[in-house]
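Summary of the model geometry
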Amino acid sequence: MKVQLYVPDGRYDPWIEGFAEALPEAECVTWEGSRGEPADYAVVWRPPVEMLRGRTDLKAVFNLGAGVDGILRLRDEAPDALPAGVPIVRLDDAGMAAQMAEYVTHAVLRYFRKLDAYEAQQRAGTWKFLKPHRRADFTVGVMGVGTLGTHIARALAGFGFPVRGWSRTARAIEGVSGFYGDAGQSPFLDGLRVLVNVLPLTPQTENILNAGLFARLAQGAYVINVARGQHLVEEDLLAAVQAGQIGGATLDVFRTEPLPAEHPFWQEPRITITPHISALTLREDSIAQIAGKIRALRAGQPIAGVVDVQRGY
Ligand SMILES: NC(=O)c1ccc[n+]([C@@H]2O[C@H](COP(=O)([O-])OP(=O)(O)OC[C@H]3O[C@@H](n4cnc5c(N)ncnc54)[C@H](OP(=O)(O)O)[C@@H]3O)[C@@H](O)[C@H]2O)c1
């Protein structure tokens, strides 16, 4: 059995060592451009279109992330970019859900306890009490309650915040009010104090964080985007922050990464920027998950995380 790897940074050694340990029955090789040899499984992150196009040797392609926009977008370059009938399998948590819950909970608590305002006061040398928010009024909405969003929503509910979740199909999560579909979007958004975006990037969700959506939230609401930069209309956010409709935003992802030095977000103190670190791919966890799935596939068992290519996630 052969497992073929592609990672854009070319740092293969730790991956090859990890697979040798977790899946000793496999030979692990790197993809060598057009000289690539046939393999049974591909393990990739943002591969070039030539890697998978027209291949008939692969039994499954494993994506080294939860988001599959980077691999599905290859179809824009060539309609046959993905091997026909071969399952694309994404990472399913693999240590990311806990990281996301930490990042988002930290951001929500920072706004709830007005630490953003106290940080600004410290910069101005001001010692002043600010009236606290009421927990019961501090409703947080999580857009996308799949693997990561469910974990985030549960963590926030654990702090006693009223939490709403929005998904494409109905989902029941204990302690979280569920909304779904286009019809559920307005009631989900209406009056939220914090909006968290953890949707996959698809044609339906691109640019979803825009002026019309911001207007539905409570005046001075906060926005946390940990999904993809293309979800956010950046000019709309900047205008909404400057108008006071949005009180602040915590952004981990951007349309262009790294965020260009001249980007106006750097100069806006109410926008908090992190360099796409809210949930890192953890090598050991990812290799263990993929090795387990390869073994399950070889035993003819079903696996979780198979992407619906038409749906886009
Ligand atoms: N910043 C980072 O470091 C980082 C790291 C990892 C992942 N991410 C991002 O996080 C995203 C989510 O990951 P995940 O593992 O939680 O994905 P997931 O398990 O597939 O969950 C996606 C959720 O979004 C919902 N959804 C999809 N399209 C929708 C639509 N049009 N309207 C309403 N709801 C919709 C789904 O609804 P259903 O439940 O009805 O299917 C599901 O609840 C990834 O796609 C990736 O872009 C970012």
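Just so it is clear, the structure is predicted and the values come from calculations on it, not from any experiment.

What follows covers the packing of helix H5 (residues 96-112) against helix H7 (residues 147-158). Contact geometry for H5 and H7: axes closest at 8 Å, N-to-C directions at 45 degrees. Of the possible angle classes, the one that applies to H5 and H7 is oblique. In terms of crossing hand, the pair formed by H5 and H7 is right-handed. Between H5, through Met 96, Ala 97, Ala 98, Met 100, Ala 101, Val 104, Thr 105 and Val 108, and H7, the contact on the second element is made entirely by Thr 147, Leu 148, His 151, Ile 152, Ala 155 and Leu 156. For the contact of H5 with H7, the residue count by class is 11 nonpolar, three polar and no charged.

With that settled, the discussion passes to the packing of aromatic side chains. In the structure shown here, the tally under the stated rule is nine aromatic pairs. Chaining the aromatic ring pairs together yields one cluster made of Phe 112, Phe 138 and Phe 161. Here the guanidinium or amino end of Arg 311 rests over the ring plane of Tyr 313, the centre of that ring lying 3.8 Å away.

Let us now look at the pairing of strand S3 (residues 41-44). Looking along a regular strand, one sees the side chains alternate between the two faces of the sheet. Alternating residues of S3 divide into Tyr 41 and Val 43 and Ala 42 and Val 44, and every residue in both groups is buried. Note that strand S1 (residues 2-6) and S3 share four bridges and pair parallel. Bridge assignment links Gln 4 to a residue of S3, and that residue is Ala 42. Pairing of S3 with strand S4 (residues 60-63), which is carried by four bridges, proceeds in the parallel orientation. Bridge assignment links Ala 42 to a residue of S4, and that residue is Val 61.

The biggest cluster of nonpolar side chains holds 71 residues, and the ones touching the most others in it are Val 61, Ile 71, Val 104, Val 108, Val 142, Leu 156 and Ile 224. Broken down by element, this core gets its largest block of residues, nine residues, from H5. In this structure Ile 71 touches Val 44, Pro 47, Leu 52, Val 61, Asn 63, Leu 82 and Ile 88, once residues within four positions along its chain are discounted. Judged by nonpolar contacts, the second largest core, of 27 residues, contains Leu 217, Leu 232, Leu 237 and Phe 265.

The end-to-end C-alpha separation of helix H11 (residues 283-298) is 22 Å, in line with the 22 Å expected for 16 residues at 1.5 Å each. The set of residues buried in H11 consists of Ser 286, Ile 287, Gln 289, Ile 290, Ala 291, Lys 293, Ile 294 and Ala 296. Looking at the packing, one finds that the buried side of H11 touches S1, helix H1 (13-22), S3, S4 and strand S5 (88-89). The positive-phi residue at the C-terminal boundary of H11 is Gly 300, with phi of around 75 degrees.

What surrounds the ligand is a group of 29 residues, the closest being Arg 90, Thr 147, Thr 169, Arg 171 and Tyr 313. One nitrogen or oxygen atom from the main chain of Gly 146 is found 3.1 Å from an oxygen atom belonging to the ligand. The fraction of the free accessible surface of the ligand (950 Å²) that becomes covered by protein chains is 94%. Elements supplying a minimum of two residues to the shell around the ligand: H5, H7 and strand S7 (163-167). Taken together, the residues that form the shell around the ligand break down as 14 nonpolar, 10 polar and five charged. Each of domain 1 (2-94 + 281-298) and domain 2 (96-273) gives at least three residues to the shell around the ligand.

Once that is clear, we can look at a negative patch on the surface. A contiguous patch of negative charge on the surface is contributed by Asp 13, Glu 17, Glu 21, Glu 284 and Asp 285. Relative to the helices and strands, Glu 284 resides in helix H11. For Glu 284, a relative accessible area of 70% translates into the label exposed.

What follows is about the sheet that holds strand S11 (residues 246-251). Pairing in this open sheet of seven strands is parallel, and the strands run S8-S7-S6-S9-S10-S11-S12 from one edge to the other. The open sheet terminates on both sides in strands that have one partner only, identified here as strand S8 (177-180) and strand S12 (271-273). Between one strand axis and the next, the sheet turns through 15 degrees on average, direction left out of account. Bridge count for strand S10 (residues 221-225) against S11 is five bridges, and the pairing is parallel. Each bridged residue has a counterpart across the sheet, and for Asn 225 the counterpart in S11 is Leu 251.

Looking at the protein chain, the domain boundaries give domain 1 (2-94 + 281-298) and domain 2 (96-273). Taken over C-alpha atoms, the centre of domain 1 sits 32 Å from the centre of domain 2. Listed by partner, the interface residues are 12 residues for domain 1 and seven residues for domain 2. Between domain 1 and domain 2 the total buried area reaches about 740 Å² when both faces are included, carbon and sulfur atoms providing 50% of it. Area buried by domain 1 at its contact with domain 2 is led by Ala 66, Asp 69 and Asp 93, which between them contribute 57% of it.

About the thresholds
- Residues numbered from 1 in each chain as written.
- Predicted model: local features only at pLDDT ≥ 70, side-chain atom pairs only at ≥ 80, totals over all residues.
- Heavy atoms only, no water.
- Axes fitted to C-alpha atoms, helices over the stretch in contact; angles between N-to-C directions.
- Helix = DSSP H or I, 4+ residues; strand = E, 2+ residues; numbered from the N terminus.
- Parallel < 35°, antiparallel > 145°, perpendicular 65-115°, else oblique.
- Left-handed = near helix turned anticlockwise from the far one by under 90°.
- Contact = heavy atoms within 4.5 Å.
- Nonpolar A, V, L, I, M, F, W, Y, C, P; charged D, E, K, R; others polar.
- Phe/Tyr/Trp six-rings, centres within 6.5 Å; stacked < 30°, edge-to-face > 60°.
- Lys NZ or Arg CZ within 6 Å of the ring centre and 35° of its normal.
- Buried < 20%, exposed > 50% of the residue type's maximum accessible area, 1.4 Å probe, protein only.
- Pairing = 2+ DSSP bridges.
- Core = buried A, V, L, I, M, F, W, Y, C linked by side-chain atoms within 4.5 Å.
- Expected span 1.5 Å × (residues − 1).
- Near = heavy atom within 4 Å.
- Polar contact = N/O pair within 3.5 Å; in protein donor to acceptor, adjacent residues only side chain to side chain.
- Areas by Shrake-Rupley, 256 points an atom, 1.4 Å probe, with all protein chains shown as cover.
- Domains from an automatic or database assignment.
- Patch = residues over 30% accessible without salt bridge, like charges linked within 9 Å, V, L, I, M, F, W, Y side chains within 5 Å.
- Salt bridge = Lys/Arg side-chain N within 4 Å of Asp/Glu carboxyl O.
- Lys, Arg positive; Asp, Glu negative; His and termini not counted.
- Charge placed at Lys NZ, Arg CZ, Asp CG, Glu CD.
- Buried area = accessible area lost by both parts, 1.4 Å probe.

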